[in-house]
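Report on the structure
Okay, here's what each chain looks like letter by letter:
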Amino acid sequence: AEGKIYVRLKKVKENDWELSVGCSLPGKWILHWGVSYVGDTGSEWDQPPEDMRPPGSLAIKDYAIETPLEKLSEGDSFHEVTINLNLESSVAALNFVLKDEETGAWYQHKGRDFKVPLLDDVPDDGNLIGAKKGFELLSLEYLGALGKLSNIIVKQGKSSSGSTKERKGLEEFYEEMPISKHVSGDNSVSVTARKCPETSKNIVSIETDLPGDVTVHWGVCKNGSKKWEIPAEPYPEETFLFKNKALRTRLQRKDSGDGSFGLFSLDEKLEGLCFVLKLNENTWLNNRGEDFYVPFLTSTSLPVETEAAQVSGKTPKTNQEVSESGFTDEIITEIRNLAIDISSHKNQKTNVKEVHINILQEIEKLAAEAYSIFRSTTPTFTPEKEVGYDGWRLDFVRGFWGGYVKDYMDASKPYFAVGEYWDSLSYTYGEMDYNQDAHRQRIVDWINATSGAAGAFDVTTKGILHAALQKCEYWRLSDPKGKPPGVVGWWPSRAVTFIENHDTGSTQGHWRFPGGKEMQGYAYILTHPGTPAVFFDHIYSDYRSEIASLLSLRNRQKLHCRSEVNIVKSERDVYAAIIDEKVAMKIGPGHYEPPSGSQNWSVAVEGRDYKVWETS
Amino acid sequence: MEVSVIGNPQAKICRAELSFRELGFRLGSGESRNKVCFLTHQSSKWKEIRIRCSPRSVKCEAIVSDQAPFLKPTPNPRSQLESVKLFVGLPLDTVSDCNNVNHMKAITAGLKALKLLGVEGVELPVFWGVVEREAAGKYEWSGYLAVAEIVKKVGLKLQVSLSFHGSKDPEIGLPDWVAKIGEGEPGMYFTDRYGKQYKDCLSFGVDDVPVLDGKTPMEVYGGFCESFKSAFSDYMGNTITGITLGMGPDGELRYPSHQHETKPSGAGEFQCYDKHMLSALKHYAESSGNPLWGLGGPHDAPAYDQQPHSTSFFSDGGSWESQYGDFFLTWYSSLLTSHADRVLSVASSAFGGSGVSVSGKLPLLHQWNKLRSQPSELTAGFYSSNGHDRYEAIAEIFAKNSCRMIIPGMDLSDEHQSLASLSSPESLLGNIKTSCKKQGVVVSGQNSSASVPGGFERIVENLKDESVGIDLFTYQRMGALFFSPEHFHAFTVFVRNMNQVELSSYDQAGEDEAQTVSLGSGTGAHSLQTA
């Protein structure tokens, strides 16, 4: 069935506009949508304000709304939904995709969300509607989650009605794009494998009632490996070698006209047949992301039938999350497949990098999972408290998406929340790199994903302090721009600086701060921007009074998380900085004295390899 | 039957990129912009994907091959380093004393990570006190079998350590029934001169004494080994590639001469004061014509927390070098050597021909080894008259039983030892390796259990040493510290260094890429237009 989708923006009165989305195809259409607010960057969605949500809307987590499309009138083929827009709100753009609940199909725009800008400076990622560009492609994304059907159509359409948009005002527009929905009946593929009693050959028959040409893209397996290999000839009719990697055999049409079949006679020593089905250039059938695999019998000659596939055009409601995990499962398989492939094509180094990166990411994820469990089952004897804050501490947040943290924060609204995103800094040949921007970027990204709802432990700063203090490399404490090299240099208001916590130090000792140099660490974090956290163990240690002096200096001079740091020295053996022009500090064995100019500096706190001054 | 089609356009494109090589798929376009999609879908779980089939049908499993190489070495000629098989120890409390698998989820995730890293396998400590806990001859292998099954599924190999000792942390004792016998038979534990017993291991003095319900400990260990062999018969020689026999305290061949964690610790104390050892000593003294020497151990040896030189026994020209000293130390060390022989004979008779290697572990008693007397070795039972090689007799026993020797402490370097401990782990390691080489004993390596600075570099140095040719290294031990980000990162780098995965191949990758992409996008774009 072919039809169209339209998007219409219409002015009702001065600041009241309405956006309608409609669809001419029958189905149970749902508009899955969210908004972007002024100042948002990136492509995350947000919940729209309450008054924008049409009746019958359902909130999906914290980022989307689902609103069903209704028939305008009985007998009308169009389903439509209208959203009222109040331009006085700070909504910058509206994002949506369409979903057909009956089939579970999702309709996107050029592989992305539809995006209707309500302001002129919405970043154009090529998916704006109502902007100058016309439509080129509407693709249908199929989430065949529970594995029922499968069907994909990439339909191309062209709209000439692209309207222009002025910078200052919003313009009404109306756009249409064609869509088509392929509805097929229940189809099946059945695969039978048996041993031929006379020749001991493996006979595989593949039979299907799928309409049209069906090509089997196949290979055989031997030696316990699932690697595709090309068997020796003879091959069935209409078989072509595909790039030396697989064979393609077009199934023969049945005489009855409905469907096709093929017979494969394979050597007895082979262990199995791998295949996928190709329906057309863009449509493949596989086994939930894996190849179909038909194992051959080895010891018995009984025929065994495998009901290999049931292809149904009617997919029940699918669940997006399930489907996504299905997809990610496939990735690892892809990685494996690729790894196998690379090993067999040693000359072909293409994409080795990509594979390595993906494997390493997977390893890191698994290790993070293992760490979070082992850590929670390892008894901790020391209670921990970050001084001066009432809030949440989210242990080891790496591994779950910042968005969930935001859900959690929104629900519980703590006064202060902090997550510990701890992964390794970068090293080259065992030496810590000077530039740790990638490391702090990951923490910043995590904070970002929580929409700034949570702060994060500044693991970068701790790591750099380790190297600087341990090896007398104080030059590390200034980044190329003369800013602090940790998260605190980029996003001080969200950086929770610390030198030790119950995992890194104390009885666990997973990453202990250089022994005896803790006070240099405190001289740094308690004078610098960010929100410093003092480790419980240290308060009840010999450092108590020195830490207390630094804390009272911080309070007295009203240093805060956004204080200005001016780094005046970062050399091999000394680092010095002036904060908010009223506190000067140095750490390291080297010499530093604050400038004797207009300001009158007096020593506030002093200890082994550190010194802090304040203006009086 | 469940089928799905590659329908997610984002997924599709990525898959096209990847599958291209495997299957020769041509799907979608090769627009590089879309690659981002792949990288953003990072979360991933492992799952076995099964296909439901009709009852008559074959069970189709979409299995991914175990043989998939991950981060495998570049195909250079194999160096010494690359031929080393790397294992990682599982937590000591992997199986609880109720035969449950602890931290199953974490271990499973950990095993997968190790597999992807290219690690050969894991070491599983199997405790006597867990398996034969309740009654003699009543073995309960279920917990350990479950672990073996996971290890097998992940496609890793397994080295099993049969541990006839107890552990303090986590707390795992000897079997309950053994402890109960011990209450009435205190002489079966090692005892120091103050009469204090060491209850985590049976004394070498009772090896052949039927103290355990009429059986000798060696017979009990033998029964344990046989039961293990039959319970794990499906795994022997395939998943399980090696067995290590516990030889003493913490599994190591030594007397429990150090029982206190003091720093710097003393030289340790002699442990010859249990009933059986004292009577053996008496007998030996009488037979050698010095009955007065058989009344007890040395009276002038320092206490646990005393410096070795604080009394005269270990000093230069001290009792240890006297005729008495030679008499006592010869006897004391001969018990250790004969214990080694008994245990390894039990092992080789149980596991000979079952396709697994058998090993025993030595300690690396490096503290105070810059002293001439090397007192830590003496109290632990390593001695040889006239300054001869203290490890040669032991190595000979290993050779005789065709067993491999595990030497720990391969991560220790001299420069990180405190000066006060007068310690040189590197030279001691060198000594033992030389003894093994002489006797033709194959050496496996381990690190010390605590993480030490520069440890990984030192391990690599040790493994590179071609003169001994260590071909198996077990890194101790999986747990929270192991997976803590900084440590795990360092471990990852270590593994990659071992495998010599060339970082430079990343750069080469870029060159060929352009070609492939143009291929993909050319045909891909065409197919899109015609669709």
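Numbering of residues starts from 1 in each chain and follows the order in which that chain's sequence is written. The lettering of chains begins at A and the numbering of ligands begins at 1, in the order of writing. Reporting of local features is limited, given that this is a predicted model, to residues whose pLDDT is at least 70; pairs of side-chain atoms are given and counted only at 80 or more, and all residues count toward the totals for whole chains, interfaces and linings. The basis for the side-chain values is all heavy atoms of the structure; hydrogens and waters are excluded.

1. Re the environment of V211 of chain B
All names here are of chain B. To keep it simple, the criterion reads: For helices the rule is a DSSP run of H or I covering at least 4 residues; for strands it is a run of E covering at least 2, with both sets numbered from the N terminus onward. Relative accessibility thresholds used throughout: buried, under 20% of the residue-type maximum; exposed, over 50%; partly exposed, between the two (1.4 Å probe, protein chains only). Contacts between residues were defined by any pair of non-hydrogen atoms, one from each residue, lying within 4.5 Å.
With respect to the helices, strands and loops of the structure, V211 is situated in the loop between β8 (197-202) and α7 (217-231). Residue V211 is classed as buried on the basis of its relative accessible area, which comes to 11%. Along the sequence, V211 and G182 sit 29 residues apart, while their C-alpha atoms lie 8.9 Å from each other. What V211 contacts, discounting residues up to four positions off in sequence, is I181, E185, M188, V206, P217 and H276.

2. Focus: the sheet that holds strand β10 (residues 357-361) of chain B
Residue and element names in this part refer to chain B. Worth spelling out the cut-off: Strands qualify as paired when DSSP identifies two bridges or more between them. Axis definition: a line fitted to C-alpha atoms, over the contacting stretch in the case of helices. Angles run 0 to 180 degrees between N-to-C directions.
Around the barrel, 8 strands lie side by side as β4-β5-β6-β9-β10-β11-β12-β13; this closed barrel has parallel pairing. Between one strand axis and the next, the sheet turns through 30 degrees on average, direction left out of account. With 2 bridges connecting them, strand β12 (residues 443-446) and strand β13 (residues 472-475) associate as parallel partners. Each bridged residue has a counterpart across the sheet, and for Q446 the counterpart in β13 is T474.

3. Side note on the pattern of salt bridges
All names here are of chain B. Worth spelling out the cut-off: Each salt bridge in this description consists of a side-chain nitrogen of Lys or Arg and a carboxyl oxygen of Asp or Glu lying within 4 Å of one another.
In total, this model carries 38 salt bridges over all chains according to the counting rule given. The partner of D207 in a salt bridge is R342, and the shortest N-O contact between them spans 3.0 Å. Of this pair, D207 sits in the loop between β8 and α7 while R342 sits in helix α9 (residues 323-351), and the two are 135 residues apart along the sequence. D208 is the salt-bridge partner of R342, the closest N and O atoms lying 3.4 Å from each other.

4. Examining unusual backbone geometry
Look at the link from E233 of chain A to P234 of chain A: it is a cis peptide, with omega at 5 degrees. Along the chain, P234 of chain A turns up in the loop between β16 (215-221) and β17 (239-242). With a phi close to 35 degrees, H103 of chain B is a non-glycine residue in the positive phi region. Residue placement: H103 of chain B occurs in the loop between β4 (85-89) and α3 (104-117).

5. With respect to the side chain of N95 of chain A
All names here are of chain A. Rules: A 3.5 Å cut-off defines polar contacts: any pair of N or O atoms within that distance qualifies, except that in protein one atom must be a possible hydrogen donor and the other a possible acceptor, and neighbouring residues in sequence count only when both atoms are side-chain atoms.
The residue N95 is located in strand β8 (residues 91-100) in this model. Classification of N95 by relative accessible area gives buried; the value is 2%. Within the local environment of N95, its side chain forms a polar contact with the side chain of S36, the two groups lying 3.2 Å apart. Setting aside chain neighbours within four positions, we find N95 in contact with H32, W33, G34, V35, S36, W45, D113, F114 and K115.

6. Quick word on the sheet that holds strand β33 (residues 575-579) of chain A
Residues and elements named next belong to chain A. Pairing in this open sheet of 5 strands is antiparallel, and the strands run β32-β33-β34-β36-β35 from one edge to the other. Looking along the sheet, the strands with just one partner apiece sit at the ends: β32 (565-570) and β35 (601-607). In this sheet, neighbouring strand axes are inclined to one another by 15 degrees on average, regardless of whether the strands run parallel or antiparallel. Both strand β34 (residues 583-587) and strand β36 (residues 610-615) contribute to a ladder of 5 bridges, which runs antiparallel. Each residue of the ladder has a partner; that of K586, found in β36, is K611. Sheet strands touched by helix α7 (residues 518-525): β33, β34 and β36. Its angle to β34, the strand with the most contacts, is close to 150 degrees.

7. Describing the packing of aromatic side chains
Note the cut-off: For this analysis, a ring pair means two rings from Phe, Tyr or Trp (six-membered ring only for Trp) whose centres lie within 6.5 Å, classed as stacked if their planes differ by under 30 degrees, edge-to-face if by over 60, and tilted for the remaining angles. Working rule: Lys NZ or Arg CZ, within 6 Å of ring centre, within 35 degrees of ring normal, means a charge sits over the ring.
Inspection of the entire model under this criterion finds 55 aromatic pairs over all chains. With 4.0 Å between their ring centres and 20 degrees between their planes, F164 of chain B and Y221 of chain B make a pair best called stacked. Residue F164 of chain B is found in the loop between β6 (157-163) and α6 (176-184), and its partner Y221 of chain B is found in helix α7; the two are separated by 57 residues along the sequence. Here F164 of chain B matches Y221 of chain B in class, with each residue buried. Here R440 of chain A stacks its cationic end above the ring of W490 of chain A, 4.0 Å away from the centre of that ring.

8. Concerning the environment of K196 of chain B
Residues and elements named next belong to chain B. Within the fold, K196 resides in the loop between β7 (189-191) and β8. Judged by relative accessible area, K196 falls into the partly exposed class, the value being 42%. With 75 residues separating them along the chain, K196 and Q271 place their C-alpha atoms 9.5 Å apart. Every residue in contact with K196, bar those within four places of it in the chain, is listed here: F190, T191 and Q259.

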